[in-house]
Amino acid sequence: MPSLLLEIGTEEIPDWMIREALESLRTNYESSQAGNLRGSIDLLEGTPRRLTMRVVELDPRMSDLEEIVAGPYVSAGEKAAQGFAKKHNTTVDALRRESDAKGERYFAVVMHKGESAAAILASALPDIIGRINWPKTMYWTGKGGVRFIRPVRWLVALLDDQVIPFEVAGIPSGNTTRGHRVLGSKDPIPVASGTYEDLLRDNYVLLRASERRTRIAAGLGKSVQPDNDLLNTLVYLTEYPTPIRGSFDPSYLELPKEILITVMRHHQRYFSLVNDNGSLAPEFVAVTNTAGDPDGLIRQGNERVLRARFNDARFFWEVDQHRPLPARVPDLEKVTFQAKLGSYRDKTDRVLALACELAEQAGANKLTVQRAALLAKCDLTTDMVKEFTELQGIVGGLYARAQGETEAVATAIYDHYKPVSMDDSIPRTLEGQIVSIADKLDTLRECFKIGLIPTGSKDPFALRRAAQGIVKILFEAKLGLDIQPFVEEIPELPNFLKERIQFYLRDVLGLAYDEVNAVLATRITTLPDLAERAAAIHDIRPTADFEPLAASFKRIKNILKQAQVEQTGQPDPNLLAPGPEKDLYQAFLRACETTQKIAGYREKLAAIASLRPQVDLFFDKILVNDPDPAIRQNRLALLYSLLTEFSTIADFSEIVTQGASA
Amino acid sequence: MDSFQDTIFKLKRYWADRGAIIQEPYDLEVGAGTMAPETFLRVLGPKPYKVAYVQPSRRPADGRYGENPNRLYKHQQLQVILKPTPDDVIEQYLGSLEAIGIDLRKHDIKLEEDNWESPTLGAWGIGWQVMLDGLEITQFTYFQQCGGIDLDLVPAEITYGLERIIAFLQNVESVYDIEWAPGVRYADVRLADEQQFSVYNFEIADVPSLWQEFELHEREAHRLLNLFKSSKQKDRFPVLPTYDRVLKCSHLFNLLDARGAISVTERVGIIARVRKVAVGVAEAWNQQQNSEEKAVA
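Residues numbered from 1 in each chain as written. Chains lettered and ligands numbered in written order. Predicted model: local features only at pLDDT ≥ 70, side-chain atom pairs only at ≥ 80, totals over all residues. Heavy atoms only, no water.

### Observations concerning the overall build of chain A
Link 1 in the chain: Each helix and strand in chain A was counted, giving 25 helices and 19 strands.
Link 2 in the chain: For 662 residues, the compact-globule estimate of 2.2 N^0.38 gives 26 Å, and chain A exceeds it by more than 25% at 36 Å.
Link 3 in the chain: When burial is assessed residue by residue, chain A has 53% of its 662 residues classed as buried.
Link 4 in the chain: By sequence separation, contacts in chain A at least 24 residues apart represent 68% of the contacts at least 6 residues apart.
Link 5 in the chain: In the form shown here, chain A has an accessible surface area of approximately 30,000 Å², with 49% of it arising from carbon and sulfur atoms.
Link 6 in the chain: Averaged over its 80 positive side-chain charges, chain A has a centre that lies 3 Å from the centre of its 90 negative ones. (Helix = DSSP H or I, 4+ residues; strand = E, 2+ residues; numbered from the N terminus. Rg over C-alpha atoms; globule rule 2.2 N^0.38 Å. Buried < 20%, exposed > 50% of the residue type's maximum accessible area, 1.4 Å probe, protein only. Contact = heavy atoms within 4.5 Å. Areas by Shrake-Rupley, 256 points an atom, 1.4 Å probe, with all protein chains shown as cover. Lys, Arg positive; Asp, Glu negative; His and termini not counted. Charge placed at Lys NZ, Arg CZ, Asp CG, Glu CD.)

### A look at the interface of chain B and chain A
Link 1 in the chain: With 45 residues of chain B at the contact, the number on the chain A side is 50 residues.
Link 2 in the chain: When chain B packs against chain A, the two sides together hide about 4,100 Å² of surface, and 52% of this comes from carbon and sulfur.
Link 3 in the chain: At the junction of chain B with chain A, the criterion picks out eight salt bridges.
Link 4 in the chain: At the junction of chain B and chain A, the tally comes to 22 residue pairs in polar contact (both at pLDDT 80 or more).
Link 5 in the chain: Only helix 3 (89-99), strand 4 (109-113), strand 6 (123-132), strand 7 (135-146), helix 4 (162-170) and helix 8 (264-296) of chain B provide two or more residues apiece to the side of chain B that touches chain A.
Link 6 in the chain: The dominant element in the side of chain B that touches chain A, judged by the number of residues it contributes, is strand 4 of chain B, at five residues.
Link 7 in the chain: Looking at the side of chain B that touches chain A, its residues break down into 20 nonpolar, ten polar and 15 charged. (Buried area = accessible area lost by both parts, 1.4 Å probe. Salt bridge = Lys/Arg side-chain N within 4 Å of Asp/Glu carboxyl O. Polar contact = N/O pair within 3.5 Å; in protein donor to acceptor, adjacent residues only side chain to side chain. Nonpolar A, V, L, I, M, F, W, Y, C, P; charged D, E, K, R; others polar.)

### Remarks on the sheet that holds strand 3 (residues 50-58) of chain A
Residues and elements named next belong to chain A.
Link 1 in the chain: As summarised here, the arrangement of the five strands in space is 2-3-1-9-10, forming an open sheet in which the pairing is antiparallel. Edge positions in the open sheet fall to strand 2 (38-47) and strand 10 (162-163), since each of these has one partner strand only.
Link 2 in the chain: Sheet topology note: the strand 2/strand 3 ladder contains eight bridges and is antiparallel. The residue of strand 3 that forms the bridge with Ile 41 is Val 55. (Pairing = 2+ DSSP bridges.)

### Notes on the pattern of salt bridges
Two side chains of opposite charge can pair, provided their charged atoms sit close to one another.
Link 1 in the chain: In the structure shown here, the tally under the stated rule is 68 salt bridges over all chains.
Link 2 in the chain: Of the charged contacts in the structure, one is a salt bridge between Lys106(B) and Asp295(A), with a shortest N-O distance of 3.6 Å. Taken as a pair, Lys106(B) in the loop between helix 3 and strand 4 and Asp295(A) in the loop between strand 17 (280-288) and helix 8 (297-321) lie in two separate chains rather than in one.
Link 3 in the chain: Across the pair Arg190(B) and Glu194(B) runs a salt bridge, and its minimum N-O distance is 2.8 Å. Of this pair, Arg190(B) and Glu194(B) both sit in helix 5 (residues 186-204), four residues apart, roughly one helical turn. Per residue, the accessibility class of Arg190(B) equals that of Glu194(B), and both read buried.
Link 4 in the chain: The network of salt bridges with common partners includes Lys347(A), Arg350(A), Lys377(A), Asp439(A), Asp442(A), Glu446(A) and Lys449(A).

### With respect to the packing of helix 20 (residues 527-540) of chain A against helix 23 (residues 601-609) of chain A
Packed helix pairs are characterised by how far apart their axes lie and by the angle those axes make with each other.
All names here are of chain A.
Link 1 in the chain: Where helix 20 meets helix 23, the closest approach of the two axes is 9 Å, and the angle between their N-to-C directions is 50 degrees. When the axis of helix 20 is compared with that of helix 23, the two are oblique. At the point where helix 20 passes helix 23, the crossing takes the right-handed sense. Counting all contacts with helix 20, which are made through Asp 529, Glu 532, Arg 533, Ala 535, Ala 536, Ile 537, Asp 539 and Ile 540, the residues of helix 23 involved are Tyr 601, Arg 602, Leu 605 and Ala 606.
Link 2 in the chain: Residues of the contact of helix 20 with helix 23, tallied by class, amount to seven nonpolar, no polar and five charged. (Axes fitted to C-alpha atoms, helices over the stretch in contact; angles between N-to-C directions. Parallel < 35°, antiparallel > 145°, perpendicular 65-115°, else oblique. Left-handed = near helix turned anticlockwise from the far one by under 90°.)

### As for helix 3 of chain B
Link 1 in the chain: Taken together, the buried positions of helix 3 of chain B are Val89(B), Ile90(B), Gln92(B), Tyr93(B), Leu94(B), Ser96(B) and Leu97(B).
Link 2 in the chain: Positive backbone phi, approximately 95 degrees, marks Gly101(B), located one or two places after helix 3 of chain B.

### A few points about the side chain of Glu303(A)
Residues and elements named next belong to chain A.
Link 1 in the chain: Within the secondary structure, Glu 303 sits in helix 8.
Link 2 in the chain: Separated by 2.9 Å, the side chain of Glu 303 and the backbone nitrogen of Ser 247 make a polar contact.
Link 3 in the chain: Those residues within four positions of Glu 303 in sequence are excluded, and the remaining contacts are Gly 246, Ser 247 and Phe 284.

### Brief notes about the packing of helix 11 (residues 366-375) of chain A against helix 14 (residues 407-415) of chain A
Residues and elements named next belong to chain A.
Link 1 in the chain: Here helix 11 crosses helix 14 at 45 degrees, and the two axes come no closer than 9 Å. On the basis of their axis angle, the class for helix 11 and helix 14 is oblique. Crossing angle aside, the handedness with which helix 11 passes helix 14 is right-handed. On the side of helix 11, the interface is formed by Thr 368, Arg 371, Ala 372 and Leu 375, while helix 14 contributes Ala 408, Val 409, Ala 412 and Ile 413.
Link 2 in the chain: Here the residues of the contact of helix 11 with helix 14 are counted per class, giving six nonpolar, one polar and one charged.

See below:
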């Protein structure tokens, strides 16, 4: 059974795109004509300069296909039959004759010879390669030319040891690969399919990501701060990774570790090291794309670059202190928040006002919140943040502390961008949480007001993240803040926020779809309250009375809908017939009393669920649609009261009950 | 050890040997080698072109009064344009590093994704920053669009940051310690420049005058572009002098920005104004190139 070896040789592909490109290559292959050759992909690997796929145990050719083609009726005459036979390279005698409703008819049996694997691959591979999905592409052969991530420079396409002939972007497929840019052979290297990986290794290319990863990990040592994202980046940024260790002058440790780590990690892609006591050590590990550094030149070079970077940071730190944060508030006038939304000075004013309102509601220290909200964005005007933008907020917090603001203010500023992702933690203090919420809420409100609303995957202002951040803080800090008043007058914003709440309840708290819908169908109060209500439903759900009662609520809702009842007065007890109707009313009053008396949602729900026998009996025995309009109206009022009274916790009709049709 | 100027000679020689013409710097203030007409205009149109030149590049906001060892108001770029891009462009580029004495087998070289975009020029490209032992020494860009126009032939733009590379080669900590020529330091040649322009750009430049200048140059650019539209002799129309006005506008914008004279609401608008004339010039030049092409054919 033949094997296919495909290697797409390119100029350096951005590290973060390689894995997805390989998956795309796999999908394209499997969904193409070549996928019908069965076979299995036993190697799918990429480095910055190559994407490689090997498919083994291919069918040598597609199986032959027999096609039966209907021809003319015999009654159409000799000429027609001859014409048909000729068209299919046969004779009239060799045609089959079969009868159908209209009479006897000729049929030709046409054999389609299964194409060879080589032929199928030659025609399918250009498309399989060309349709790899890249986040961003370029052209290089001239206007209108092929688009790919970077220029394709060579192609290996072998079926066993035979070249499969095709072309992509003017590059003919062949049987030669290239080694490492510097360490490998200067000339193209002939490939035999069996020795491909070894050939690459001899030319300083470790094809398998797992092998590169192991090689890097082995050189890290235990005092290195684990950093999986950085490790992945380096795995796909190198063909022959070799870690080297360097050091820096301990005097730089006077700078905050946040800054040192950012310089090392984000700007230089170095791993940082820690001492036994957890403090930062004056050392780093750089991962080179070489076989080693016998003369120490690479180490010296990297140390020199890091020194210059740290000097810059120290310089920024010193210069920035000349103008403390409060003096920078007016400078925010010159920092754009969004073209149509003015400057960060304007934003600061709005956030300040919002934060004060929220602080009051949440019982936070108002002076701290005020001060933090005023200074929160000032670090955007510092040289440090202009250089290390990812440190916004953190630098503000560090400067606030260095400039004698209170610890509480410094911490609130430091944390106010948090959480930056679902995995990130929320601000540590209540004041930090308030400033963070106010900042995000302002961004959402203002963007939505001018129609900057995320659609599909387009969310340039990261509004989903902002909304999710607010939701995460409210849930996790159990803040009793009602933020509805801040969003409800802005079109689409309440729903947008609701989706994020829904996401949190379902995906983070693990509540069922319908339980979440049931609580969200009611007015959104505070998020901890929502979570409690949903959890109570989740808990009481398995009890015998609950789901049948939920089904009854659905029925009530339908009846009211059909009767077009939108509002009623209280039911008149005098119009209630003794028996099931009066019993339900009394049970209802008792349940009302209980739910008002007790605090826990579980207990309230249990009280409501206890109504089940009376509700069931009511529907068994009583016809709501009484001929007497007064009685009918009173019954509807009873049902309406029942529904509204208990729907403040959740809309039970949203619960998907067993046996009920979905 | 090679001096600053020796290294520049070697790079020019290297690219001259590979068919590039060696140009001298453009004689107006520019923020980058890309802005010189040798790049901005020559990348347009269907004619192949290879050129290399050193371009002193002024970025008023980057000035540090000569006090920061790595930051300069004006730095020197060695700009190489290869249009169209040869297939072995990266090998050629790596060869240029060998030519200035970098033994690549003893160093770590990586090409890391870095795409380039200039909103004021309506230009962008795809490429990398080239890292040598952790130091960014070159920006490598495949131009895709310039002046809002898709390019016929895709050029490679190789921009060497000369001070950085040479500080590395000479193993000095501050650019001011670079040996420019035997016995002459970079500071001897350029420190006064850095100090005085920082003072001017940040403290003294007269904002109303700068605005006036900006508007004068912008108006002249528009006048010329309008004339071009109605011109019957497009092939002799002064598009290049029009582009000079664009460069003036761009530099004045940078100065005003460094001076802190551009407010939020203005900023986006000013960039759009410069882009408008830049795009107008690119279109005019393109038209001129294509009509010449026809005349030849």
